[in-house]
Structure formats: structure tokens, C-alpha cells
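Chains, contacts and geometry: an overview
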Amino acid sequence: MSNLLITLLILITLSLAGQTPKSVMNKNNNTVKTEEQWKQELTAEQYNVLRNCGTEPPFTGKYYKHDEQGIYYCAACGARLFSSDSKYNSGSGWPSFYEAMDKKAVTEVVDNSFGMKRIEIKCASCNSHLGHVFPDGPQPTGLRFCVNSTSLDFKKSSESKKD
Ligand SMILES: [Zn+2]
């Protein structure tokens, strides 16, 4: 009887030991980093906006008046977010776009902070804060993606020709 118990215990121990934890893989190929890693890789200003949902003061960012042809990428992970084709001057003091390049590139989250109900926008690849989206934009979408310059990294389009 006790032999049977010991055998059972050994079998249970062996089967538990066999369950080695599988390596954590993100099947969507997203950028997953610890906050410590982000802190090391980003500037203090970028960390505050991208990871702490901060907001840069209006009319201070490097892209609110920027009108070159090209692509705006996520400053944290490099994902393609917005095209200069959808950028317009909203007068808000932040870079404004009427649409994202790819709807799947931007995640929308309800944000109830500061006693307001707003829709926060985040980079779908790395979950970094970009800004907010408001329903007062121009056609064809009627949306205003209000984005912090700090969250963006602009690259001129290679085929842009200026006379
Ligand atoms: Zn990102």
C-alpha cells in the first residue's frame, strides 16, 4: 500500500516536472517591452507621453506645423501610423490627421480621465499612448486624430518631388 503511494507520488512529481513553461511568444509579433526597458530607450519626455499618457503643451511640438510629404511612425516602436496626406491644420496646436494609414495600426480606448469622456488612441503594435481622436474632423472621415509630436517620428517619403 505504501509502495503504491510512493509510486503515485513519484509519477505525479515526474508529470509536474515535465510541464516546463513554454516560452512567451507574442503571436501578433508586437513589441513587448518592460517599463524599465522603455525608460532606458526613450527620452524622459517621450516616456512621459508614450508610456504615462502625458500630453505635450500645445503649439510646442515639432510636428504641429510640419507639412512635408512623408510618413509619421510610432516614436517608440517604428510602426507606420499616419500619412502626411491625411494631415491638416486643426488649429489645436497638435499634429492632426483625419485618418490613420491603417485602421489596425491604432487602437481606440475609452478614456474617462480629467472628468471628460474621450477616446484615447494608442499604437496597436506597442501599446504606447499617441493622443486622442475626436468627432470634429474634416471629411471624408469627420475625425480628428490629435497626436502628440513626441509620439511621432517623421520620415520624408523618398519619392516626394518638390519643384
Ligand atoms: Zn508603437
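Check the entry above for the structure.
Residues numbered from 1 in each chain as written. Predicted model: local features only at pLDDT ≥ 70, side-chain atom pairs only at ≥ 80, totals over all residues.

Brief notes about the pairing of strand β1 (residues 70–74)
Side-chain positions along a regular strand alternate between the two faces of the sheet. Pairing between β1 and strand β9 (residues 152–156): 5 bridges, direction antiparallel. For Ile 71, the partnering residue across the bridge sits in β9 and is Lys 155. Hairpin connection from β1 to strand β2 (residues 80–83): 5 residues lie between these consecutive antiparallel strands, with Gly 78 at a positive phi of about 85°. (Pairing = 2+ DSSP bridges. Helix = DSSP H or I, 4+ residues; strand = E, 2+ residues; numbered from the N terminus.)

Focus: the sheet that holds strand β8 (residues 144–147)
Read from one edge of the open sheet, 6 strands run β3-β4-β8-β7-β6-β5, paired in antiparallel fashion. Of all strands in the sheet, those with a lone pairing partner are β3 (87–88) and β5 (106–111), marking the two edges. Judged from the 4 bridges that link them, strand β7 (residues 129–134) and β8 form a sheet pairing that is antiparallel. Residue pairing in the sheet places His 132 in a bridge with Cys 146 of β8.

Some points on the sheet that holds β9
With respect to topology, 3 strands assemble into an open sheet ordered β2-β1-β9, the strand pairing being antiparallel. Looking at strand neighbours, the two that pair on one side only are β2 and β9, the edges of this open sheet. Averaged over neighbouring strand pairs, the angle between their axes works out to 30° when direction is ignored. (Axes fitted to C-alpha atoms, helices over the stretch in contact; angles between N-to-C directions.)

Structural notes on the pairing of β5
As paired elements, β5 and strand β6 (residues 118–123) share 6 bridges and run antiparallel to each other. Directly across from Val 110, in β6, lies its bridge partner Ile 119. Between β5 and β6, which follow one another and run antiparallel, lie 6 residues, and Phe 114 among them has a positive phi close to 60°.

Without other data, these values stay purely geometric and don't point to any function.
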